[in-house]
Amino acid sequence: MMRKDKLTATRETYQCVSGEVHYLEPIIVAQNIPCHLSSGLENVVYLDKTPYIISNYTLFLDYDQNIQIKENDTLYVQTQRGENYKLRAGEIKKYNLTIQIKCTQKKILES
């Protein structure tokens, strides 16, 4: 399959000290990995009276990449056309030839 988009994935890390959570620098779990980002479906939702556009995508990776992405990782995708997306990883499905990751992007709807 043609995978001309590029993926970098990061994971939030934290440390508990005396019952307090301290967030550390995110770690990079994948960098410059060939992928394909599907076109998105958009919905408008209201959270605390603020309108957001929630876009849903599917990210396709080759199975043999052996990437350890987990739900809630932050995914940065640059398409072959130079578009940049910051997504949140959701459900991950592994098949014989491909890994499919459901992703979401949340933006405030500006009037």
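Residues numbered from 1 in each chain as written. Predicted model: local features only at pLDDT ≥ 70, side-chain atom pairs only at ≥ 80, totals over all residues. Heavy atoms only, no water.

1. So, the side chain of Asp73
Alright, step 1. Residue placement: Asp73 occurs in the loop between β4 (50-62) and β5 (74-78).
Alright, step 2. Residue Asp73 is classed as buried on the basis of its relative accessible area of 2%.
Alright, step 3. Ignoring any residue separated from it by four or fewer positions in sequence, one finds Asp73 in contact with Thr10, Arg11, Val29, Gln68, Leu87, Arg88 and Ala89. (Helix = DSSP H or I, 4+ residues; strand = E, 2+ residues; numbered from the N terminus. Buried < 20%, exposed > 50% of the residue type's maximum accessible area, 1.4 Å probe, protein only. Contact = heavy atoms within 4.5 Å.)

2. Here's the deal with unusual backbone geometry
Alright, step 1. The phi dihedral of Asn32 is positive, around 60°, even though this residue is not glycine.
Alright, step 2. With respect to the helices and strands, the residue Asn32 is situated in strand β2 (residues 20-37).
Alright, step 3. Of note, Asn72 is a non-glycine position whose phi angle comes to about 75°, a positive value.
Alright, step 4. By secondary structure assignment, the location of Asn72 is in the loop between β4 and β5.
Alright, step 5. A relative accessible area of 53% means that Asn72 is categorised as exposed.

3. Some remarks on the environment of Gly82
Alright, step 1. By secondary structure assignment, the location of Gly82 is in the loop between β5 and β6 (84-94).
Alright, step 2. Overall, Gly82 belongs to the partly exposed group, its relative accessible area being 38%.
Alright, step 3. Taking C-alpha positions, Gly82 is 9.9 Å from Lys6, a pair spaced 76 residues apart along the chain.

4. What about the confidence of the model for the protein chain?
Alright, step 1. Averaged over all residues, the pLDDT of the protein chain is 89; the fraction at 70 or higher stands at 96%.
Alright, step 2. Of all helices and strands in the protein chain, the one with the weakest mean pLDDT is strand β3 (residues 41-47) (79), whereas β5 scores best (97). (pLDDT = per-residue confidence, 0-100.)

5. As for the side chain of Arg11
Alright, step 1. Considering the arrangement of structural elements, one finds Arg11 in strand β1 (residues 5-17).
Alright, step 2. On the accessibility criterion, Arg11 (19% relative accessible area) is buried.
Alright, step 3. Only 2.7 Å separates the side chain of Arg11 from the backbone oxygen of Gln68, close enough to count as a polar contact.
Alright, step 4. When sequence neighbours within four positions are dropped, the list of residues in contact with Arg11 reads Pro26, Ile27, Val29, Gln68, Ile69, Lys70 and Asp73. (Polar contact = N/O pair within 3.5 Å; in protein donor to acceptor, adjacent residues only side chain to side chain.)

6. Quick look at the pairing of β1
Remark: a regular strand shows side chains that alternate across the two faces of the sheet.
Alright, step 1. Bridge count between β1 and β2: eleven bridges; the pairing is antiparallel. Within β2, the residue paired with Thr13 across the bridge is Leu24.
Alright, step 2. Hairpin connection between β1 and β2: a loop of two residues separates the two successive antiparallel strands, and Ser18 in this loop has a positive phi of roughly 50°.
Alright, step 3. The pairing of β1 with β5 spans five bridges and is classified as antiparallel. Looking at β5, one finds that Leu7 is bridged to Val77. (Pairing = 2+ DSSP bridges.)

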